[in-house]
Amino acid sequence: MYTQGLDQKGQTSKPAAVEESAEQLAAFQARIDAEEKIEAKDWMPEAYRRTLVRQISQHAHSEIIGMQPEGNWLTRAPSLKRKAILLAKVQDEAGHGLYLYSAAETLGVSRDQMVADLLAGKAKYSSIFNYPTLTWADIGAIGWLVDGAAIMNQIPLCRCSYGPYARAMVRICKEESFHQRQGFEIMLELTRGSDEQKAMAQDALTRWWWPSLMMFGPSDKDSKHSAQSMAWKIKRFSNDELRQKFVDVTVPQAEFLGLKVPDDDLELDEASGHYRYGDIDWQEFYDVLAGNGPCNRQRMAKRQGAHDDGAWVREAAQAYAAKQAAKAA
Amino acid sequence: MNKEWPLYEVFIRSRSGLSHKHAGSVHAADDQMALDHARDTYTRRMEGVSLWVVRSDQIVASDPAETSAFFEPAEDKIYRHPTFYEVPDGVENL
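Residues numbered from 1 in each chain as written. Chains lettered and ligands numbered in written order. Predicted model: local features only at pLDDT ≥ 70, side-chain atom pairs only at ≥ 80, totals over all residues. Heavy atoms only, no water.

A. Region of interest: the packing of aromatic side chains. Residue and element names in this part refer to chain A. In the structure shown here, the tally under the stated rule is 14 aromatic pairs over all chains. Between phenylalanine 28 and tyrosine 48 the ring centres are 4.9 Å apart and the planes differ by 70 degrees, which places this aromatic pair in the edge-to-face class. Taken together, the residues phenylalanine 28 in helix α1 (residues 22-33) and tyrosine 48 in helix α2 (residues 46-65) connect sequence positions 20 residues apart. The exposure class assigned to tyrosine 48 is buried, which follows from its relative accessible area of 0%. Judged by centre distance (5.5 Å) and plane angle (45 degrees), the rings of phenylalanine 216 and phenylalanine 246 are tilted. With phenylalanine 216 in the loop between α8 (195-214) and α9 (226-231) and phenylalanine 246 in helix α10 (residues 239-257), the pair connects residues that are 30 residues apart, well separated along the chain. Using a relative accessible area of 2% as the deciding quantity, one classes phenylalanine 216 as buried. Classification of phenylalanine 246 as buried rests on a relative accessible area of 1%. Within the aromatic cluster, the residues linked to one another by ring pairs are Phe28, Trp43, Tyr48 and Trp232. Its end group placed over the ring of tryptophan 73, arginine 76 keeps NZ or CZ at 4.0 Å from the ring centre. A cation sits over an aromatic face here: lysine 245 above phenylalanine 237, 4.2 Å from the ring centre. (Phe/Tyr/Trp six-rings, centres within 6.5 Å; stacked < 30°, edge-to-face > 60°. Helix = DSSP H or I, 4+ residues; strand = E, 2+ residues; numbered from the N terminus. Buried < 20%, exposed > 50% of the residue type's maximum accessible area, 1.4 Å probe, protein only. Lys NZ or Arg CZ within 6 Å of the ring centre and 35° of its normal.)

Spelled out as structure tokens, the structure:
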């Protein structure tokens, strides 16, 4: 579903273990500048590799953890149709996680290592998934806002300089559009419904609006490593540029629904055509990232539980494969 | 019994008449599971009519560091392309 500028604050790159000559670095940058794609076995600076492993694995973890808030409503979806749609969407999120793990593995990190890093709390995932889904309207709000924000961020990633990541993103972007539309449709139905249903839709927008804006990561002035990612063409737009685009397209959609965006400072700047929005509570963002959001512990406990409960399946499949191979020999 | 399942590369034929194209990879304990996982991961929207999976460690690949040397023999043979040849004005169907 989403990757976030999580590592752009307070992390310094370690010096590369291997010697990288100025010529190698210049040749690499020249390839990037010429819009050439970098492929798995090509020479690349260690810092480029490390940045990608971190970003792609965080993105993958976000997809995997992101199944939990929506999975919460699978058995309580209001109709068979909605249940089938939600099931397909949650399955897509698992698929997105797998495409991305597979892209990260091309950089020489193992799947087991990435999973271990997530479970050990060493690897992050998007802060948005640490918020609870209290009502059915939250499923609408997630599809509309969270997947909407994800699309905004992910479309430029389809042109990322690293080939396997870019290709995974193309596949993901094709699938996200269904996610966003099904969410908007849920909101649309609720806002056309009873007063209670309208109130439910408004409550969901009120709770998900600010966390959705935070999905784009820290403000540009606090985003220390953005410049390097831009130079490497891993990133194409800054966090604030993408956030602005998201606000600009989403506010009219909220108006169409007859819902109020929970921001008293929000106004259209006629001259620029952009909506000006109020201050984001960055303290909340950093608190959630640090593990103190409403659901951080629950999400990790559930992931750990699923990993542990599935251990016998993984082992049995391996034992069966070994037995079949021995028989065939 | 705590090893990672082997990695398989996945190739999809999107419709008959086209060749298989690399889509990504999956982990699986055996060949049949690799096919099942590839189907579930890469063809949820009828993206294919045929799947190939092959153990990643079975693929033999050229070395990117040697790309220019490896492909060098083709580099100076521009006479393999039709544009190398002169076709005078007025000559048709050539």
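B. Just a nonpolar patch on the surface, in detail. A cluster of nonpolar side chains, namely Ile78, Tyr79, Phe84 and Tyr85 of chain B, defines an oily patch on the protein surface of about 440 Å² accessible area. By the element assignment, tyrosine 85 of chain B lies in the segment after α2 (67-75). (Patch = residues over 30% accessible without salt bridge, like charges linked within 9 Å, V, L, I, M, F, W, Y side chains within 5 Å. Areas by Shrake-Rupley, 256 points an atom, 1.4 Å probe, with all protein chains shown as cover. Salt bridge = Lys/Arg side-chain N within 4 Å of Asp/Glu carboxyl O.)

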